[in-house]
Amino acid sequence: MSIEITWLGHSTFLINTGKHKLLVDPFLDDNPAAPIKSGDVKCDFILITHGHGDHMADAVKIAQRTGAPLICNYEISLWLAKQGVANAIGMNHGGAITQPFGKVKMTIAHHSSVLPDGTYGGNPAGYLLTLDGAKIYIAGDTALFGDMQLYGRDGLDLAIIPIGDFYTMGPDDSIEAIKLLKPKRVAPCHYNTWPPIAQDAKKWADMVRKQTSATPETPEPGGKFSI
Ligand code: NI
Ligand code: MN
């Protein structure tokens, strides 16, 4: 069964396994690149990489409307409980859990993670998803780091990595990340939302094809591809 990936702008993705819909880093209502609003999203699970507003601004309202459990770090789960979201699952780096859609492991990310009201947001993270028929790595907001090599060791069908520069790794380091991860396909995120993180996706895709063995997937916001 193929898995459908929709980019909703910035770092927001919808992963549809056919049986489950996973929403990653919901940031829609105040996201100038988002093709839809938070009230239009259908999902069964929500994954949050860290506490910054551009990754979870709409998490509470989508969780409350849909009842979807939220997967996040421990500190964010405590904060969500205070906002009235009782079904957040608070993980920490290196830990894995099995959910109805498959296995999810929380990975490290080199970044920061304060919550929108200034509350300590724990450590930023990424995720390794083992779904029915596909392995996906979501890097989250991060700099390049050597342990990415370990995350790719069992084979990845897709890696989702930031390329915007300024707040995360940029295009050049993303190529190094792809060389370490060795995914079959790679999708960029965290770019073209605002001028400081403007990037040329076509130019990046050419770099990926020339310098790595991965196939780049660069949909427009609202666009989809399958793995
Ligand atoms: Ni961030
Ligand atoms: Mn961010």
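Everything here concerns the structure above.
Please read all numbers here as calculations on a predicted model, not as lab measurements.

K.L.:
Would you mind going over the overall build of the protein in detail, with residue names and values included?
P.N.:
Scanning the protein from N- to C-terminus turns up six helices and 14 strands. In terms of C-alpha radius of gyration, the protein reaches 16 Å, essentially the compact-globule figure of 17 Å for 227 residues. In terms of overall dimensions, the protein has C-alpha extents of about 50 × 35 × 30 Å along its principal axes. With 227 residues in all, the protein has 55% of them scored as buried.

K.L.:
Now, about the coordination of the nickel ion (ligand 1): what can you tell me, with residues and values included?
P.N.:
Looking at the metal site, the nickel ion (ligand 1) is ligated by H50 (NE2), H52 (ND1), H111 (NE2) and D141 (OD), spaced 2.2 to 2.3 Å from it. If you list the donors of the nickel ion (ligand 1) from N- to C-terminus, the spacing comes out as H-x1-H-x58-H-x29-D. The metal-metal distance between the nickel ion (ligand 1) and the manganese ion (ligand 2) is 3.0 Å, with D141 serving as a donor to both. In this pair, the class of H50 matches that of H52, namely buried.

K.L.:
Lay out the state of the cysteines in plain terms, naming residues and giving numbers.
P.N.:
As enumerated under the stated definition, the model contains zero disulfides in all. The thiol of C43 is unpaired, and the distance to the nearest cysteine sulfur, on C72, comes to 14 Å. Among the residues examined, C43 registers a relative accessible area of 8% and is labelled buried.

K.L.:
Can you tell me about the coordination of the manganese ion (ligand 2), naming the residues and giving the values?
P.N.:
The coordination sphere of the manganese ion (ligand 2) contains the protein donors D54 (OD), H55 (NE2), D141 (OD) and H190 (NE2), at a distance range of 2.1 to 2.2 Å. Sequence spacing of the donors to the manganese ion (ligand 2): D-H-x85-D-x48-H.

K.L.:
Just give me the short version of the packing of aromatic side chains, but keep the residues and values in it.
P.N.:
Pairs of aromatic rings are described using the distance from one ring centre to the other and the angle between the two planes. Applying the stated rule across the entire model yields seven aromatic pairs. With a centroid separation of 4.9 Å and 70° between ring planes, the pair formed by F45 and F101 is classed as edge-to-face. Of this pair, F45 sits in strand 4 (residues 45-47) while F101 is found in the loop between strand 7 (96-99) and strand 8 (102-108), placing the two residues 56 residues apart along the sequence. A single burial state applies to F45 and to F101, both of which are buried. Measuring from ring centre to ring centre gives 4.6 Å for F166 and Y167, while their planes differ by 75°; the resulting arrangement is edge-to-face. Judged by its relative accessible area of 60%, F166 falls in the exposed class. Overall, Y167 belongs to the partly exposed group, its relative accessible area being 43%. Aromatic ring contacts, followed pair by pair, group W7, F13 and Y191 into a single cluster.

So, how was this worked out
All residue numbers here refer to positions counted from 1 along the written sequence of the relevant chain. Whichever chain is written first is A, and whichever ligand is written first is 1; the rest continue in order. Side-chain atom pairs in this predicted model are given and counted only at pLDDT of 80 or more, local residue features only at pLDDT of at least 70, and totals for whole chains, interfaces and linings cover all residues. Just so you know, side-chain values use all the structure's heavy atoms and leave hydrogens and water out. By the criteria applied, helices consist of DSSP H or I runs no shorter than four residues and strands consist of E runs no shorter than two, each listed in order from the N terminus. Both definitions apply: the radius of gyration is a C-alpha atom measure, and the globule rule equals 2.2 Å times residues to the power 0.38. Buried residues are those whose accessible area, probed at 1.4 Å on protein chains only, stays under 20% of the maximum for their type, while exposed residues exceed 50% and partly exposed ones sit between those limits. Listed donors are limited to N, O and S atoms within 2.8 Å of the metal, widened to 3.2 Å for Na, K and Ca; water is not among them, so incomplete-looking sites are possible. Sulfur atoms of two cysteines make up a disulfide when they are within 2.5 Å. Any two rings among Phe, Tyr and Trp, with Trp reduced to its six-membered ring, count as a pair given centres within 6.5 Å; such a pair is stacked if its planes are under 30 degrees apart, edge-to-face if over 60, and tilted if neither.

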